[in-house]
Each structure stands twice: as structure tokens, then as C-alpha cells.
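# Survey of secondary and tertiary structure
Given next are the chains, with one letter for each unit.
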Amino acid sequence: MPLYPENALLMAPLSGFTDLPYRRAARAGGCRFAFTEMVDVASLTYARERSAGMLRRGPEEEFLGVQLVGADHEFIRRAADVVNEYEFSVVDFNLGCPVPKVAKKGAGAELGRHLDAALACFAIIAERSRHPVTAKIRIVDAEDPAPTLALAKGLAELGAQAITVHGRIKEAFYSGPVNFGMIRAVREALPGVQVIANGGVTGRVKYQEIRRETGCSLVMLARGAMGNPWLFNELSLGDAYVPPDIDEWFGVIREHVEGMIELYGEESAMRMARKILHDYLKGRGFHSVMKALASAVATRADFEAFLARTKQEHSESYWTQLEANPAAERRLRR
Ligand SMILES: Cc1cc2nc3c(=O)[nH]c(=O)nc-3n(C[C@H](O)[C@H](O)[C@H](O)COP(=O)(O)O)c2cc1C
């Protein structure tokens, strides 16, 4: 049985974002397949209580993958054992994260560049995990397909049932064109594995393009869905899609932030909510004063005041325009 049905849209693991309240908002927008944030394998040993929060799964979450990141064999082994105590739909291994904090430890995209080391780590997860295993990689070399294909094939031989390919190299971080040809090459080289295309999908045009150019029916959304969880419905429903009105938009934000308060307590939740509120405001025709208000939210009362102001400050013309053109492209988070 393949892990994902044809045409499935997946929500990417997003560090600092895809916690349970975030995923609930995404699911309200039509997301079925979601992941935790990446979980550092060492932290599952040393700060188990703190990182256990990242493993929390809502009772309504039919599909949830956990993503592990790390390069130390002993920590990977222990993390796989911890994850075995939980119920997940898949265990995904991160071979694509370019951030210095991760690269410094030889993990993420840095590990993905060292074939034998990457496969040795993945082999531990594959052998130890009682869940299906998958991996998320970046392309290794922008010109030469050989190292990316060697990595993907090696992962498949070790049992990866699906491989997500982010079509950029490590140095590109999150900007620049997506190398569709390289994603296509991986898909064609691995007929028995589900290959998921990732990079730059913000709306219908980019969605059609990545599907056409890579030949993948499975696509992972990341920044395009940040602050726009409705992107899942927009892409899967096509012309039947009805964009949210201001009340629905408002309701999803309220539930999202209330979920954060429940999970982290008011003070931490409010600090974390600022970036989330910015994303929800982005590209929706709000006056810039709202951004300043979002940045200053520190208490539940501030949040209520922020919400009340969104009702006053929102631009009618944007919401009317949205109704007329539900597929209008929004800008990506930088
Ligand atoms: C804020 C942020 C956090 C991310 N965290 C993760 C992560 O935890 N694990 C992962 O595999 N990729 C992570 N990524 C990468 C995304 O999953 C995705 O591969 C990348 O953003 C490219 O897709 P996009 O162009 O559609 O945004 C992160 C990206 C961003 C912007």
C-alpha cells in the first residue's frame, strides 16, 4: 500500500511552526498529511520532557509524520526508540536543513552531502523504527544529478517508502529557482518509491508547473501555506474553491492562537504568536499599523485587541477582490 494517495498534498515540517495548533489551522484549510517540526535526536535524550511536546498528536489527526534530524548514531538510536513509544504515520529523516546550527553538527543538508554517513544514519532509523520510514532531501549538486540520485537510491534500498525532494541546493537556502529536472530525475530513477516534489508552490500556477515539470503528483507545501492554510483547499478543489471570508479567517487565527496559549501558557504563546500573526496578515491588504500591533502582542488582552482591530482595519476591497480571483498569488515569506 502506498503511503500517500495520488495527488496528495503534504504540509512540510516547519521548525518553530508546525506544532499541533498550527496543524489544526492547516487541517481547517484542507490539509490531510502533516508533519511535526523537525525534532533533534539529541534533545529527545537530553530534554525529553521539553521535546515530548513536539511529539504531541491530536486525536483527530489521521495522518501525522514525525521528523528527526541529527547525525550521531547513538542519539539516533535512542530517538528511534523514543518515537517507537508513540503512534505516528511515518518517521521522516531530515537530510535537507541548511541552517548553520544543524549543519555545524554535520546533520540535515550537510549530512545529505556525505552519502555513506547519511545512509548509515538512515539505516539505524529504518532498522529500529516500527513505523514506515521516509526521508526529505535537497538536491546535492545543481549541475550533476549523480550524487542526488545516489542518495535517493541508497535511501530507497534501505527502505524509504517516500522521498521528498526540495529542488534547491544547500547554499540556496530557500530562495532562487527550483530545479524541476532534478526532482524529475529522482522520480524516474525510483519507480517503486513515492517521490514528493517540494519548492516554491504558492498558488495554482506554481502548483501546475511543479507537477508538470517534475511529473510528480505528490507535492509538499511549505512557505506558500504559512498564514494561508486555505492553500490546501485552493489547490485540491480547483474551481470549486471558495476563499475564506474575513470571519472565517478571523476564526482560524483565534483558534490557532488559543491552541498555542493552551499548549505553552500565555506568555510564551504570545511571544511565539507574533510571527504567526504576521504571516496571516501578509498579502491581505491590511494597513501597516496592523503589523506593528502584531509585533507588540504580549498578553491575551493584546491579542483580543489585535483581533478587534483587524475587523476595523481590513480593506473591503481586498476581500472583494479575493472573491473575484481566489487564485491570486501571495508573496512568499522571506
Ligand atoms: C521557517 C521554516 C522552517 C523550516 N523547517 C523545516 C523543518 O523543520 N524540516 C524540514 O525538513 N524542512 C524545513 N523547512 C523547509 C521546508 O520544509 C521546505 O522544504 C522549504 O521551505 C521549500 O519549500 P517552499 O519553497 O515551498 O517554502 C523549513 C522552512 C522554513 C521557511
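Rules of the game
- Residues numbered from 1 in each chain as written.
- Predicted model: local features only at pLDDT ≥ 70, side-chain atom pairs only at ≥ 80, totals over all residues.
- Heavy atoms only, no water.
- Helix = DSSP H or I, 4+ residues; strand = E, 2+ residues; numbered from the N terminus.
- Rg over C-alpha atoms; globule rule 2.2 N^0.38 Å.
- Buried < 20%, exposed > 50% of the residue type's maximum accessible area, 1.4 Å probe, protein only.
- Contact = heavy atoms within 4.5 Å.
- Areas by Shrake-Rupley, 256 points an atom, 1.4 Å probe, with all protein chains shown as cover.
- Lys, Arg positive; Asp, Glu negative; His and termini not counted.
- Charge placed at Lys NZ, Arg CZ, Asp CG, Glu CD.
- Expected span 1.5 Å × (residues − 1).
- Domains from an automatic or database assignment.
- Salt bridge = Lys/Arg side-chain N within 4 Å of Asp/Glu carboxyl O.
- Nonpolar A, V, L, I, M, F, W, Y, C, P; charged D, E, K, R; others polar.
- 1 Å grid on protein atoms, 1.4 Å probe; cavity = no way out; pocket = protein on both sides within 12 Å on 5 of 7 lines; lining within 4 Å.
- Points joined across faces, edges and corners; volume = space filled by probe spheres on them.

## As for the overall build of the protein
Of the regular secondary structure elements, the protein holds 16 helices and eight strands. Relative to the compact-globule value of 20 Å for 334 residues, the protein shows a C-alpha radius of gyration of 20 Å, a close match. Reported as C-alpha extents along the three principal axes, the dimensions of the protein are approximately 55 × 45 × 35 Å. The 334 residues of the protein split such that 51% are buried. Partitioning the contacts of the protein with sequence separation of at least 6, the portion at a separation of at least 24 is 71%. Within the structure as shown, the protein displays about 14,600 Å² of accessible surface, and the carbon and sulfur contribution to it stands at 52%. Positive and negative side-chain charges in the protein, numbering 42 and 42 respectively, have mean positions lying 3 Å apart.

## Some remarks on helix 7 (residues 115-128)
If you check helix 7, its first and last C-alpha atoms are 20 Å apart, about what 14 residues at 1.5 Å a residue would give, namely 20 Å. Taken together, the buried positions of helix 7 are occupied by Ala-118, Leu-119, Cys-121, Phe-122, Ile-124 and Ile-125. On its buried face, helix 7 is in contact with strand 3 (63-69), helix 4 (73-84), strand 4 (90-95), helix 6 (109-112), strand 5 (133-138) and helix 8 (146-157).

## Description of the domain arrangement of the protein
Segmenting the protein into domains produces domain 1 (9-240) and domain 2 (246-319). Taken together, the contacts link 13 residues of domain 1 with 13 residues of domain 2. In this assembly, domain 1 and domain 2 are joined by zero salt bridges. Looking at the side of domain 1 that touches domain 2 residue by residue, the classes come out as eight nonpolar, three polar and two charged.

## Structural notes on empty space enclosed by the protein
In total, this model carries five cavities of 30 Å³ or more according to the counting rule given. Taken as a whole, the second largest cavity encloses approximately 70 Å³ of empty space. Taken together, Met-11, Tyr-22, Ala-25, Ala-26, Ala-225, Met-226, Gly-227, Pro-229, His-256, Ile-276, Asp-279 and Tyr-280 form the lining of the second largest cavity. Secondary-structure elements contributing two or more residues to the lining of the second largest cavity are helix 1 (20-28) and helix 13 (266-281). Its residues placed into classes, the lining of the second largest cavity shows nine nonpolar, two polar and one charged. Looking at the lining of the second largest cavity, you find at least three residues from each of domain 1 (9-240) and domain 2 (246-319).

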